[in-house]
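# Chain and residue survey
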Amino acid sequence: MPAATVLHQPVGLVTSTLTLTTPLPKSKLVLLTSSSPKPRKTLRNFSYRSIKFKVPAAKKQNPELNNQNRRPENENSSLRARKDMENGFDIGWLPAFPHVSIASVSTFIFGYHIGVMNGPIVSVARELGFEGNPILEGLVVSIFIAGAFIGSISSGSIVDKLGCRRTFQIDAIPLILGAIISAQSHSLDEMLLGRFLVGIGIGVNTVLAPIYISEVAPTKYRGSLGTVCQLGTCLGIIASLFLGIPAEHDPHWWRTMLYIASLPGFVIALGMQFAVDSPRWLCKVGMLDDAKAVIRNLWGESEVDKAIEEFQSVIKNDGSDLDIQWSELLEEPHSRVALIGGALFVLQQFAGINGVLYFSSLTFQDVGITNAALASSFVGLTNFTGALCSSYLIDKEGRQKLLIGSYLGMAISMFLIVFAISLPLDQDFSNNLSIIGTFLYIFSFAIGAGPVTGLIIPELSSSRTRGKILGFSFSVHWVCNFLVGLFFLDLVETFGIAPVYAGFGSVSFLSALFAYYFIVETKGRSLEEIEMSLNPNLRGGGGK
């Protein structure tokens, strides 16, 4: 397998929780393209009941919200939180972290499956009898995307009725079975079936993880905890990269890698047995006592009454909010949020992350880095560093600023590479400039366009339609993912790399403008405050 191919596949996948490997049918290259439960035991060892903190609202809120749902401040809680902050012990995120971590195992599975077929695809093709057929090699990967599309579009209805926790556990079934069937396959048909089942599981998980984390995390830490999804995906890809090293010498190692891929499915199925349900979903199904217990354990005693009052201002707790029709997405304000969600994924994909990561393999070779694993490590470290920075900044600077800055950085990086390619510069200087532009692009993507896109859509969505809006948005993502992978090389062959990169830079700039004009800042605001600001018809009597 050419070095460029081996490099591109794991490298491209390190970019986003929201991105997936997609095939090039005309080539061997693979381009990169989110019943009511009974009372149960939860992770109470992490429920620091003595920790009480005050969740601040955004500095600029809808004036109407400032007059709604006001409650007396708990002075003891405020003093305790202020004292913790002054002493550098702001650990209000810690009670929710174990639950978020378990949910993020699903994104680790996502990352692992993205990278698991990269290097070993040649050995798989040779053993299963389709070596040298680029169409079938691409099909092994593309069937994954088909399953992911189906999983995403169907996940909204499931999570509305069963809640995230149970859906995570049910979704572990296709993930485990698909990995085992793929590992034991002795024909192309068996491999395709296994990859399709895994794709379904991944499609559901990409929707579940951001919904669950956004509804479980305390408002103050929702952004930082939301970026754990990005970190999980990065770690999954890195794990598959290093576990794939023996495949270079052992032609049957790919079976071991696929058996290993089934293990995280067991982890999440078991871990979710001890995790909590979303307090918002519990309120929907009328389990107010359980909802209060979750809030008390994860957010603090002082937040219970305020949170329940906010939930009931937008949620009907008689179960009627569980029966949502797709036609409701055509109504305002749901249609506006659905369009924003779909547009964010279209812009994310057509800003060129897939193409840049593929072509970066050739750029690394030009400067003498021919080792695919080494080059992948450089890109993976850059991506991981960007994700860590995003974790730190997202609740301080806000989602909108990170998106705008991210896309502007990507645009500048693209035009820097176009400058290096097009102008008659010294060859070494041109190559080094291209390397700098590539790293800057990856870092810029990882700090905003990657993690923020998957986080802000559930924040903007109403409690009633959150599942279906996320399902629709991710379905758009998979379609765009496939299209970019399908046409990228043809565009490069027809127009050249500089014009294509200039197009990516232009889309990145337009994405920054889109974020400036259409994205509402959600930092420091509860999901209910955001929903009421977008739908002023809501009143304390319950949601629409």
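Residues numbered from 1 in each chain as written. Predicted model: local features only at pLDDT ≥ 70, side-chain atom pairs only at ≥ 80, totals over all residues. Heavy atoms only, no water.

The following threshold applies: UniProt positions are given in the numbering used here, feature names are shortened, and annotations may be inferred rather than shown by experiment.
The protein has the name Major facilitator superfamily (MFS) profile domain-containing protein in an unreviewed UniProt entry, where Acer negundo is given as its organism. As its UniProt record puts it under Subcellular location (unreviewed entry), the protein is described as follows: "Membrane".

### Examining the overall build of the protein
Formally: Secondary structure counts use DSSP, requiring at least four H or I residues in a row for a helix and at least two E residues in a row for a strand, with both numbered from the N terminus. Residue burial is assigned from relative accessible area. The probe radius is 1.4 Å, only protein chains are included, and a residue is buried under 20% of its type maximum, exposed over 50%, and partly exposed in between. Shrake-Rupley sampling with a 1.4 Å probe provides the accessible areas, and residues are treated as covered by the protein chains on show and by no other component.
Helix and strand content of the protein: 23 helices and two strands. The buried share among the 544 residues of the protein stands at 60%. A total accessible area of about 20,600 Å² is found for the protein, and carbon and sulfur atoms account for 63% of it.

### Re the pattern of salt bridges
Using the following cut-off: What makes a salt bridge here is a side-chain nitrogen of Lys or Arg within 4 Å of a carboxyl oxygen of Asp or Glu, nothing more.
One pass over the full model with this rule turns up 13 salt bridges. Between Asp160 and Lys468 there is a salt bridge, with the nearest N and O atoms lying 3.6 Å from each other. One end of the pair, Asp160, is in helix 6 (residues 134-184); the other, Lys468, is in helix 21 (residues 466-495), and 308 residues separate them in sequence. For Asp160, a relative accessible area of 5% puts it in the buried group. On the basis of relative accessible area, Lys468 is assigned to the buried category, the value being 2%. Residue Glu459 pairs with Arg222 through a salt bridge whose shortest N-O separation is 2.6 Å. Residue Glu459 is found in helix 20 (residues 451-460), and its partner Arg222 is found in helix 8 (residues 222-226); the two are separated by 237 residues along the sequence. For the pair shown, Glu459 and Arg222 are each scored as buried.

### Notes on the packing of aromatic side chains
This is how the line gets drawn: Here a Phe, Tyr or Trp ring, Trp counted by its six-membered ring, pairs with any other such ring whose centre lies within 6.5 Å, and the pair is stacked when the planes are under 30 degrees apart, edge-to-face when over 60, and tilted otherwise. Sitting over a ring, as applied to charges here, requires NZ of Lys or CZ of Arg to be within 6 Å of the ring centre and within 35 degrees of the ring normal.
One pass over the full model with this rule turns up nine aromatic pairs. Both rings, one in Trp93 and one in Phe97, keep their centres 5.6 Å apart while their planes meet at 85°; by these two values the pair is edge-to-face. A relative accessible area of 31% means that Phe97 is categorised as partly exposed. Taking 4.9 Å as the distance between ring centres and 45° as the angle between the ring planes, the aromatic pair formed by Phe345 and Phe474 counts as tilted. Within this pair, whereas Phe345 is found in helix 15 (residues 334-350), its partner Phe474 is found in helix 21, the two being separated by 129 residues in sequence. With respect to class, Phe345 is no different from Phe474; both count as buried. Members of the aromatic cluster, connected to one another through ring pairs, are Phe488, Tyr501 and Phe504. Sitting above the plane of the Trp326 ring, Lys468 keeps its charged end 5.6 Å from the centroid.

### Section: a nonpolar patch on the surface
To keep things clear, this is the line we draw: Like-charged residues are merged into a patch within 9 Å and nonpolar side chains (Val, Leu, Ile, Met, Phe, Trp, Tyr) within 5 Å, provided each residue has over 30% relative accessible area and no salt bridge.
Nonpolar side chains collect at one region of the surface, where Phe149, Ile150, Ile153, Trp326, Val346, Phe350, Val479, Leu483, Phe487, Leu491 and Phe495 lie side by side and expose about 890 Å² of accessible area between them. Of all the secondary structure elements, the ones that give two or more residues to the nonpolar patch are helix 6, helix 15 and helix 21. Take the nonpolar patch: its biggest share by element is five residues, from helix 21. By secondary structure assignment, the location of Leu483 is in helix 21.

### Quick look at the nonpolar core
Under the convention used in this document: By nonpolar core is meant a set of buried Ala, Val, Leu, Ile, Met, Phe, Trp, Tyr and Cys residues that side-chain atoms within 4.5 Å join together.
By size, the foremost hydrophobic cluster in this structure holds 107 residues, and its most contacted members are Phe168, Tyr212, Phe488 and Tyr501. Take this core: its biggest share by element is 10 residues, from helix 7 (residues 188-216). Within the second largest apolar cluster, 19 residues are counted, among which are Ile121, Val124, Ile143 and Leu188.

### A closer look at the packing of helix 6 against helix 10 (residues 253-261)
Cut-off, in case you're wondering: Orientation is described by lines fitted to C-alpha atoms, with helices fitted over the stretch in contact, and by angles between N-to-C directions that extend from 0 to 180 degrees. We call two directions roughly parallel when the angle between them is under 35 degrees, roughly antiparallel when it is over 145, roughly perpendicular when it lies between 65 and 115, and oblique otherwise. In this scheme the crossing of two helices becomes right-handed for a clockwise turn of the near helix relative to the far one and left-handed for an anticlockwise turn of less than a right angle. Whether two residues are in contact is decided by their heavy atoms: any pair within 4.5 Å suffices. Under the scheme applied, nonpolar residues are Ala, Val, Leu, Ile, Met, Phe, Trp, Tyr, Cys and Pro; charged residues are Asp, Glu, Lys and Arg; polar residues are all the others, including Gly.
Contact pair helix 6 / helix 10: the axes reach a minimum separation of 8 Å and the direction vectors enclose 165°. Between helix 6 and helix 10, the crossing angle belongs to the class labelled roughly antiparallel. Here helix 6 and helix 10 pass one another in a crossing that is left-handed. In this structure, helix 6 uses Ala179, Ser182, Ala183 and Gln184 to contact helix 10, whose residues at the interface are Trp254, Arg255, Leu258, Tyr259 and Ala261. Here the residues of the contact of helix 6 with helix 10 sort into six nonpolar, two polar and one charged.

### Focus: the environment of Ser104
Positionally, Ser104 belongs in helix 4 (residues 97-116). It is 5.8 Å that separates the C-alpha atoms of Ser104 and Gly232, two residues lying 128 residues apart in sequence. Excluding its chain neighbours within four sequence positions, the residues that come into contact with Ser104 are Ile213, Val228, Cys229 and Gly232.

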